[in-house]
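This is what each chain is made of:
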Amino acid sequence: MNIDVQDEGNNTSGQALSFSVGENETVHVLHPQQIIAYQGPSSGRADRLMDVKGIYRKRKLIRSDMSGPCRFVAALPPGYRVKTLELEGNNDLLYDFRHLFYYSEGITMQTRVLSMKNMFITRDIVKIKFSGIGSIGILTEGTVCEAELHPYDPLYVDAGSIIAYPENAKLELTVYGNHLASQHMSYHWKMTGHGPVLFQAGVQNRRFERDNNDDGIIKRFLREALPFGGVFIK
């Protein structure tokens, strides 16, 4: 399977993904309403009801199974991107199933029930661990960044920007910096362990636009001056 990404290089335009699916290949698309063009036999697309777990995790009922040989184009709204990740065997990263846009045949998923502490931090009960040989597409907002964890030197990452983290990672919900910095920032994950962390940059774009719109000097002052004003004053 080949995937060609087409975009204008900015967040004001949407992204298009052109899939070329070979014979005896299948790709599962979890946002079938985003498929805007298709070339191939009519029988090459089969929409199916997701199982109960999939419906709960994805908050959607239908997925599309696209079997080759065929070609199709999926479109994303402005600000969204799909990050393609090639998997070869076991993968230690845990993902939020709601970020999954597609996965190829040969990819399997395992559910990982989070600890009570991590349930509170992530506001989720389970994460998904992928394995097998193939590719997955992760839906993101903006550029995807990657940083390596250290067992003792913590990495602080905005809690709303995390895409995936290693299963062995230790998480702690916190803020950092001096008194003013810790009051002004959003909550972060303090992370230690081994392996890469993936996070997205686009979540900050909405905050940047909000902070720079014409919402009045008083609201902007309160957002800057009050403890956690940037979190509670929208």
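In the annotation of an unreviewed UniProt entry, the entry for the chain reads AIM24 family protein, and the organism field reads Paenibacillus agri.

Another point: the overall build of the chain. Check the secondary structure of the chain and you find six helices and 17 strands. Per-residue burial over the chain gives 44% buried out of 234 residues. At a minimum sequence separation of 6, the contacts of the chain that also span at least 24 residues come to 72%. Of the roughly 12900 Å² of accessible surface on the chain, a fraction of 54% belongs to carbon and sulfur atoms.

This brings us to the nonpolar core. Ranked by internal contacts, the top residues of the largest apolar core, which has 17 residues, are Tyr-95, Leu-100, Phe-130, Ile-136, Ile-138 and Leu-198. Elements supplying a minimum of two residues to this core: β8 (80–95), β9 (100–104), β11 (126–141) and β14 (162–166). If sequence neighbours within four positions are ignored, Tyr-95 has contacts with Leu-85, Lys-127, Ile-128, Phe-130, Ile-136, Ile-138, Ile-163, Ala-164 and Leu-198. One finds Val-21, Ile-35, Cys-70 and Phe-101 within the second-largest nonpolar core, a separate group that totals 15 residues.

All right, on to the sheet that holds strand β15 (residues 170–174) then. The strand order across the open sheet built from three strands is β13-β16-β15, with neighbouring strands paired in antiparallel fashion. Each of the sheet's edge strands pairs with one partner strand only, and the pair in question is β13 (155–158) and β15. Averaged over all pairs of adjacent strands, the angle between strand axes in this sheet comes to 30 degrees, irrespective of strand direction. Of the strand pairs in this sheet, β15 and strand β16 (residues 188–192) are connected by five bridges, and their pairing is antiparallel. Counterpart to Leu-173 in the pairing with β16 is Trp-189.

A separate point is the packing of aromatic side chains. Applying the stated rule across the entire model yields five aromatic pairs. Look at Phe-19 and Phe-72: their rings are 4.5 Å apart centre to centre, the planes differ by 5 degrees, and that puts the pair in the stacked class. Of the two residues, Phe-19 sits in strand β2 (residues 16–21) while Phe-72 sits in strand β7 (residues 70–75), which places them 53 residues apart along the sequence. Here Phe-19 matches Phe-72 in class, with each residue buried. Put simply, the rings of Phe-19, Phe-72 and Tyr-102 pair up and form one aromatic cluster.

Scoring rules and cut-offs
- Residues numbered from 1 in each chain as written.
- Predicted model: local features only at pLDDT ≥ 70, side-chain atom pairs only at ≥ 80, totals over all residues.
- Heavy atoms only, no water.
- Helix = DSSP H or I, 4+ residues; strand = E, 2+ residues; numbered from the N terminus.
- Buried < 20%, exposed > 50% of the residue type's maximum accessible area, 1.4 Å probe, protein only.
- Contact = heavy atoms within 4.5 Å.
- Areas by Shrake-Rupley, 256 points an atom, 1.4 Å probe, with all protein chains shown as cover.
- Core = buried A, V, L, I, M, F, W, Y, C linked by side-chain atoms within 4.5 Å.
- Pairing = 2+ DSSP bridges.
- Axes fitted to C-alpha atoms, helices over the stretch in contact; angles between N-to-C directions.
- Phe/Tyr/Trp six-rings, centres within 6.5 Å; stacked < 30°, edge-to-face > 60°.

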